[in-house]
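# Topology and contacts: notes
One letter stands for each residue in the lines below.
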Amino acid sequence: MVLETVAKSRGFHGIGAAMVVGMLLSLVGCDPSAEPTSTELAVPVSPSPSPRSTNPSTNPSTNPSANPSLANYSEPLWAAEFESPTGVWRLRYRPIPDPIVRNELFEIDAELVSSDPNIRITAVDARMPEHLHGMTLRPELHDLGDGRYRIEGMLFHMAGFWELFFWVEHGASCIEQKAAEPQRVRFAVVLE
Amino acid sequence: MSQVTFAKLATAAISIALSAAATEPADALEFTDSEIRIIRQHSPLGPPPPDPSNRFAEDPAAARLGQSLFFDARFSANNDVSCATCHIPGLGFANGAQRGTGTGGQLTTRHVPTLLNNAYNRWFFWDGRADSAWSQATQPLENPIEHGADRLQIAHLASHTPEIRAAYERVFGSMPDLSDRTRFPEHAAPTPDVSPRARAWRSMSVADQHAVDRVFTNLTKAISAYEREIVSRDSAFDRFAANIGSHESASAIPESAQRGLRLFVGRGNCRLCHSGPNFSDGEFHDTALPRSGGLRDTGRWGGTRRLLMDPFNSGGTFSDGVRPVLRFVAPRQDSSGAFKTPTLRGVARTGPYMHTGQFKTLREVLNFYSTRENIPRTHGEQGIIRRLDFTESELDDLEAFLESLTGRPLPQELLTAPPSPE
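These figures come from a predicted structure and were not determined experimentally. (Residues numbered from 1 in each chain as written. Chains lettered and ligands numbered in written order. Predicted model: local features only at pLDDT ≥ 70, side-chain atom pairs only at ≥ 80, totals over all residues. Heavy atoms only, no water.)

## Details of the domain arrangement of chain B
Interfaces are often sized by the amount of accessible area the parts lose when they come together. All names here are of chain B. When its domains are assigned, chain B resolves into domain 1 (22-46 + 233-403) and domain 2 (60-231). One C-alpha centre belongs to domain 1, the other to domain 2; they are set 29 Å apart. Every contact between the two is made by 43 residues of domain 1 and, on the other side, 36 residues of domain 2. Interface of domain 1 and domain 2: buried area, both sides summed, is about 3,300 Å²; carbon and sulfur atoms make up 53% of it. The largest per-residue losses of area from domain 1 upon contact with domain 2 belong to F312, F318 and K340, which jointly make up 23% of the total buried on that side. (Domains from an automatic or database assignment. Contact = heavy atoms within 4.5 Å. Buried area = accessible area lost by both parts, 1.4 Å probe.)

Here is the structure:
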């Protein structure tokens with residue numbers, strides 16, 4: 001799981017991915033009928049490895065030396081990433097610490113990569129769908145610029161299946177106008 | 001006096017129960033690897049987490065002063081109520097009744113929770129309206145149906161009483177001079193009303209109010225230092241968990257308790273909320289209790305608002321450091337009707353149960369989880385708290401497991417007023 005995520009993050013930095021995004025931008029243009037978008041984008045490109053290992057020494061994302069091929073990798077390792085259906089933006093995140101510790105405050109580093117500065121993360125929250133409730137706290141979202149975000153005040157107080165939501169808004173952009181309403185990106189996280 | 005005797009009896013009863021458990025020939029169940037991982041999440045219980053809001057939390061001199069205040073009924077409207085009136089040491093620092101009885105025989109609206117392992121809490125009260133043990137303790141002192149005292153009365157009493165004053169000054173430095181009654185009235189408190197106490201408080205200068213608040217909160221910081229010593233750990237369950245998988249573990253708790261443990265971490269799903277070594281996530285849940293009379297209690301919903309408005313929360317002037325979670329507290333809709341998950345350590349001795357005190361025995365609590373009879377139609381967590389349909393022998397097993405969470409008896413000297421506050 002983790003390896004696959006790494007591969008994607010790396011490829012994403014490459015020229016190939018940038019070209020694809022560029023192409024899509026020109027294709028979609030300002031035609032609102034260009035691409036159907038759902039308000040809930042339920043499938044992460046790569047779900048969080050779940051259940052997460054509780055033993056840090058077996059988790060390559062906290063112990064790079066456990067896997068020689070990762071030892072020199074200096075980029076942050078993303079837990080998961082999601083690509084919008086039109087390919088215009090990509091969202092990825094990693095929890096700090098990784099893996100998430102049950103019932104302890106954690107933070108999230110998120111990156112929204114898009115050539116359109118109007119596409120932004122506007123809110124983050126989490127729910128336990130099986131329990132019909134969410135977190136007991138309200139997290140704070142900080143926009144660090146350049147598509148980078150820091151979310152503080154996350155707390156998964158229970159073991160089980162959590163859905164982590166990012167709301168992505170398109171601002172004044174003419175790109176993906178049909179999705180003027182914020183889209184909700186969902187990632188799955190399971191804690192033991 | 002009768003409390004002391006009772007404490008001794010309870011202690012004796014606990015040791016008899018422990019030796020009975022140890023001699024009963026028991027076989028160890030075979031637990032799976034994943035069960036063992038989860039069981040180990042519950043043991044051992046380490047020291048309480050640090051309290052950044054109270055720099056006297058670990059000060060033994062503060063704890064002795066706090067212990068003496070805890071048992072001192074002079075800090076009440078009619079010299080009739082101390083903390084120990086409702087938090088009775090021999091009853092696991094609960095009171096054995098559905099409600100607490102405060103000054104003048106008034107009844108509290110909620111059930112008296114145990115103070116065992118209070119220092120492990122993230123939030124205090126059933127609704128979490130305090131975020132530190134010391135800010136919690138300010139409330140019963142001024143609550144008209146509990147101590148019914150006020151902060152001026154309390155500060156004057158502390159400053160008049162030579163041994164309390166001496167103990168105070170050893171820990172906190174010199175006590176301000178409160179002798180000028182025009183500046184420091186006999187009784188005053190910032191209650192949100194037009195009572196004489198509230199008017200007297202408003203007549204004081206901000207600096208004098210501040211001086212009194214400092215004394216008041218120092219005294220409650222001392223109380224919370226004492227509360228940190230009231231820890232229930234080293235239970236039979238902990239001895240079982242320490243050796244799980246080996247033959248020694250088999251004799252630590254009876255087989256029935258082991259089966260109960262399996263239900264607790266497995267089909268019963270109890271460990272979802274009663275998680276970690278203190279058997280509580282410290283957060284809030286709606287277990288959909290059957291209505292037991294009275295007005296609807298919004299629980300955490302109301303508690304959140306009160307916490308955020310409390311000048312004594314850990315973000316306030318009298319705190320020595322903000323607790324990191326406070327920043328992220330906000331009213332959340334699904335918190336209405338949710339109450340704090342209580343610890344289950346020592347639970348066999350702290351009945352009745354729930355914030356309403358509506359269940360007299362553990363069996364009644366377990367029956368509630370098993371049958372889900374009379375639960376209100378709309379409630380928050382129906383998804384996860386399902387009818388469990390335990391058989392009678394499963395109920396026995398769960399009860400035996402909860403019994404195994406009774407910790408080693410506390411040192412006798414923590415259960416009564418110390419010979420002196422110093």
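## Side note on the sheet that holds strand β8 (residues 148-154) of chain A
All names here are of chain A. The strand order across the open sheet formed by five strands is β2-β3-β4-β8-β7, and the pairing between neighbours is antiparallel. Both edges of this open sheet fall to β2 (80-83) and β7 (140-145), since each of them pairs with a single strand only. Each strand of the sheet is rotated relative to its neighbour by a mean of 20°, with strand direction disregarded. Two strands pair when backbone bridges link them, and β7 and β8 are joined in this way by five bridges, in the antiparallel orientation. Its bridge partner lying in β8, H142 is registered against R150. (Pairing = 2+ DSSP bridges. Helix = DSSP H or I, 4+ residues; strand = E, 2+ residues; numbered from the N terminus. Axes fitted to C-alpha atoms, helices over the stretch in contact; angles between N-to-C directions.)

## A word on the pairing of strand β5 (residues 120-128) of chain A
Residue and element names in this part refer to chain A. Examined bridge by bridge, β5 and strand β9 (residues 160-169) share seven bridges and lie antiparallel to one another. By the bridge assignment, A126 is partnered in β9 with L164. Summarising the sheet, β5 and strand β6 (residues 133-134) pair through two bridges and their orientation is antiparallel. Its bridge partner lying in β6, R127 is registered against G134. Connecting β5 to the next strand, β6, in antiparallel fashion are four residues, including L132 with a positive phi near 60°.

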